[in-house]
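Reading the structure
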Amino acid sequence: MPGTRLDPIDRKILAELQADGRMTNVELAKRVGISAPPCLRRVRTLEESGFIRGYHAEVDSRELGFEVQVFASVGLVSQAEADLVAFETLCREWPLVRECHMLNGEVDFILKCVAPDLSTFQSFLTGKLTSAENVASVKTSLVIRCAKDQPGVPFEVLEERLARDA
């Protein structure tokens, strides 16, 4: 099972940094119950191993003038691997697309998009997304409000599972 190659201290470090990536190494070490030098070594190892992919500020898009958030369900004409990769590459180039996930089921991709206003999103929708090569259909849903936005993973679920399987 993924996660089992991490010991409890590594998992605590990840959980603490996921909750607050700005804390000092000294504070992190205190919270996980080890001294600062081995804590820093562990953090660097977790970074080098790919468990920690980066540190980010959580910015408020509405405060920055991005009033519109839309989920777009995209169906493609062809699902050949080369066509899927080509669409993913396009999505990476479009600044309004903040997330792109390939799905199994009725649609091929779901995109999370942000825009300063509906006019800007509509221009993107009609000028780029719906006219992109291999795009067969696009259905959009405008976000009214967000009830929960919690990135990362629930470490408490991982710990419960590890305890149950031990």
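Here the structure is a predicted model, which is why all the values come from computation and not from measurement. (Residues numbered from 1 in each chain as written. Predicted model: local features only at pLDDT ≥ 70, side-chain atom pairs only at ≥ 80, totals over all residues. Heavy atoms only, no water.)

Taken together, the side chains of Val59, Leu64 and Phe66 define a hydrophobic patch exposed on the protein surface, amounting to about 300 Å² of accessible area. For Leu64, the location among the structural elements is in the loop between α3 (36–48) and β1 (68–76). (Patch = residues over 30% accessible without salt bridge, like charges linked within 9 Å, V, L, I, M, F, W, Y side chains within 5 Å. Areas by Shrake-Rupley, 256 points an atom, 1.4 Å probe, with all protein chains shown as cover. Salt bridge = Lys/Arg side-chain N within 4 Å of Asp/Glu carboxyl O. Helix = DSSP H or I, 4+ residues; strand = E, 2+ residues; numbered from the N terminus.)

So, on to the pairing of strand β3 (residues 109–115). When you tally the buried positions in β3, you get six out of seven residues, the bulk of the element. As paired strands, β1 and β3 are joined by seven bridges and run antiparallel to one another. Considered in β3, the bridge of Val74 is made with Phe109. Sheet analysis places strand β2 (residues 97–102) next to β3, joined by five bridges and oriented antiparallel. For Met102, the partnering residue across the bridge sits in β3 and is Phe109. (Buried < 20%, exposed > 50% of the residue type's maximum accessible area, 1.4 Å probe, protein only. Pairing = 2+ DSSP bridges.)

Mapped onto this numbering, the UniProt entry annotates "domain: HTH asnC-type" (unreviewed entry) at residues 6–67. The span residues 6–67 is 53% helix and 0% strand, and its two end C-alpha atoms sit 41 Å from each other. (UniProt positions renumbered as here; feature names shortened; annotations may be inferred.)

In this section: the domain arrangement of the chain. Per the domain assignment, the segments of the chain are domain 1 (7–57) and domain 2 (62–142). If you average the C-alpha positions of domain 1 and of domain 2, the two centres end up 35 Å apart. (Domains from an automatic or database assignment.)

Turning our eyes to something else, we now look at the packing of helix α1 (residues 8–19) against α3. Running from amino to carboxyl end, α1 crosses α3 at an angle of 80°, the nearest separation of the two axes being 10 Å. Accordingly, the angle class assigned to the pair α1 and α3 is roughly perpendicular. When α1 is examined against α3, the residues Ile9, Asp10, Ile13, Leu14 and Leu17 are found in contact with a partner set consisting of Cys39, Arg42, Val43 and Leu46. (Axes fitted to C-alpha atoms, helices over the stretch in contact; angles between N-to-C directions. Parallel < 35°, antiparallel > 145°, perpendicular 65-115°, else oblique. Contact = heavy atoms within 4.5 Å.)

The next thing to look at is the sheet that holds β3. Through backbone hydrogen bonds, the strands of a sheet pair up, either in parallel or in antiparallel fashion. Taken in spatial order, the four strands line up as β2-β3-β1-β4 in an open sheet, and their pairing is antiparallel. Taken across any chain shown, the strands that pair with only one partner, and hence form the sheet edges, are β2 and β4 (135–142). Between one strand and the next, the sheet's axes are offset by a mean angle of 20°, whatever the strand orientation. The strands that helix α4 (residues 81–93) touches are β1, β2, β3 and β4; relative to β3, the one it contacts most, it runs at about 10°. The sheet strands contacting helix α5 (residues 118–129) are β1, β2, β3 and β4, and the helix crosses β4 at an angle near 165°.

Right, let's get into the pattern of salt bridges. Tallying each qualifying case throughout the model produces nine salt bridges. Among the ionic pairs, Arg31 bridges to Glu16, the shortest N-O distance being 3.0 Å. Within this pair, whereas Arg31 is found in helix α2 (residues 25–32), its partner Glu16 is found in helix α1, the two being separated by 15 residues in sequence. Overall, Arg31 belongs to the partly exposed group, its relative accessible area being 41%. In this structure, Arg164 and Asp165 form a salt bridge, with 3.6 Å as the shortest nitrogen-oxygen distance. In terms of burial, Arg164 and Asp165 fall into one category: exposed.

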